[in-house]
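Coordinate analysis (summary)
For reference, the chains in residue letters:
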Amino acid sequence: MSRHLQEFITAKPLIGFLIALSTLDVFSGTLKNRLKIIFLTISNVFFVCLLYIHVKNTISSKININFMWTFLMWIVLSVYHLIIILNLFKRNKFHLLMQNIQKLFEEEEEHEDLEEILKKHLTYSMKVFLFLNCWLIRIGLGLTLIGGINFRLNDEFGLIIEFPFIASDNFIKQESPYIIQTVFVFVAAYILMSINVGFIFLGLQVIAEINILTDYMKLLNEKIKTHPKFWRKITKRHCSVIENLNLLSEIISETSFMQLFANCVTFMFGFSFLMKYSDEIVNYMVIVAGTMFSLHICILGEFIKIKTDNISEIFYQTNWYDLSLKDQKMFLIVLGMAQREYGLKAVGMYDVNLYTFVHIFKIAFSYCAVLFSLSQ
């Protein structure tokens, strides 16, 4: 068994859980994972309800930093609940893309150089995925722990959810609401980061297949004469890349828009907090959290755009005249496909790339700067 396939099989239960959590799939997978998804979902829904109750009870009395934090948390979690609902209706596309990815890992090449290309890119994609899965979730939970401590020590932040049934002069019962609140935020952060990591895995494998196609095409000129059927392998690989890229685009079309929206809202709240309470470390964490909501999608979109544009450039360097007449006709068709503009788009209209992320950052900062100057 090849190394990249072994790594994929080892990580498959984790990947399956991430996809199941993203699509709220409690009907497949192991019993442990299904119970875990049910617990996480119920806990998160309960947390959103408690946040809403707090917002409803405080909006008519006073609007302070505590209310703004509660309102921000409620908006972000509501957005991610909507993302899960949208993913639920696209569950078949998730499964189809996962099947295509598994076939890619199970594929074996006859020629050693092609097998080496396949192994290199798939192994690298798995290493990046496992690294990000480990550290992104740890960073998210670490920020949550720091935030929980800060909310307990600073009376201006305090509780963002209400527990009237725990009210008591007893020390343990006084502290338990803060502990429960931190646990709820821990669960919410874990769900958000897991959904993001699931998207990252899908994007990394699509990028890996694009890299494999690119390296195959670089060998085309020297293999045209020795392996006449090599062009057909290129054609098949190119069609597979387009199919998986289209599946990924359809999967994240609406969800990427929702993540960009959550990113923008978080930046607006975060910059507003910083301008008024610049000495509070928890307010800087809002900017970090907002970055983690959509930066991964924007980076994936940027890489996919660059690499798909590079494919059409490599096609122009191909010695197409060495192909048979039948393959030359096929070459023109594939060349036309390669010249199309590929990339990730939010709701089919907005490009998802680093420029979009920077643009949202600038808009949020400018908006908050104007409001702050007007309030002085």
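A quick note: this is a predicted structure, and the numbers were derived from the prediction, not measured. (Residues numbered from 1 in each chain as written. Predicted model: local features only at pLDDT ≥ 70, side-chain atom pairs only at ≥ 80, totals over all residues. Heavy atoms only, no water.)

Moving on, we get to the overall build of the chain. Scanning the chain from terminus to terminus reveals eleven helices and two strands. Start at the N end of the chain and walk to the C end: the helices and strands fall as α-α-α-α-α-α-α-α-α-α-β-β-α. The principal-axis extent of the C-alpha atoms belonging to the chain is close to 85 × 50 × 30 Å. For the chain, with 376 residues in total, the buried portion stands at 51%. Sequence separation of at least 24 residues holds for 80% of the intrachain contacts in the chain that already meet a minimum separation of 6. If you sum the accessible surface of the chain, you get close to 18900 Å²; carbon and sulfur atoms cover 65% of it. If you average the places of the 33 positive and of the 31 negative side-chain charges in the chain, the two averages end up 4 Å apart. (Helix = DSSP H or I, 4+ residues; strand = E, 2+ residues; numbered from the N terminus. Buried < 20%, exposed > 50% of the residue type's maximum accessible area, 1.4 Å probe, protein only. Contact = heavy atoms within 4.5 Å. Areas by Shrake-Rupley, 256 points an atom, 1.4 Å probe, with all protein chains shown as cover. Lys, Arg positive; Asp, Glu negative; His and termini not counted. Charge placed at Lys NZ, Arg CZ, Asp CG, Glu CD.)

So, on to unusual backbone geometry. Residues other than glycine predominantly adopt negative phi, and peptide bonds predominantly adopt the trans conformation. Here the phi dihedral of L24 falls at roughly 55 degrees; this positive angle occurs in a residue that is not glycine. Turning to its location among the elements, L24 is positioned in the loop between helix 1 (3–23) and helix 2 (31–58).

What follows deals with the pattern of salt bridges. Summed over all chains, the structure comprises eight salt bridges. What emerges from the salt-bridge pattern is a single network uniting E107, E209 and R237. (Salt bridge = Lys/Arg side-chain N within 4 Å of Asp/Glu carboxyl O.)

This paragraph deals with the UniProt feature "transmembrane region" (unreviewed entry) in the chain. According to UniProt, the positions carrying the feature "transmembrane region" (unreviewed entry) are residues 37–55, 67–89, 128–149, 178–208, 257–275, 281–304 and 354–374. Helix makes up 100% of residues 37–55 and strand 0%, and the two end C-alpha atoms of the span are 27 Å apart. (UniProt positions renumbered as here; feature names shortened; annotations may be inferred.)

With that settled, consider the side chain of N196. Along the chain, N196 falls in helix 6 (residues 171–218). The class for N196 is buried, based on a relative accessible area of 1%. Setting aside chain neighbours within four positions, we find N196 in contact with Y80, Q259, M292, F293 and H296.

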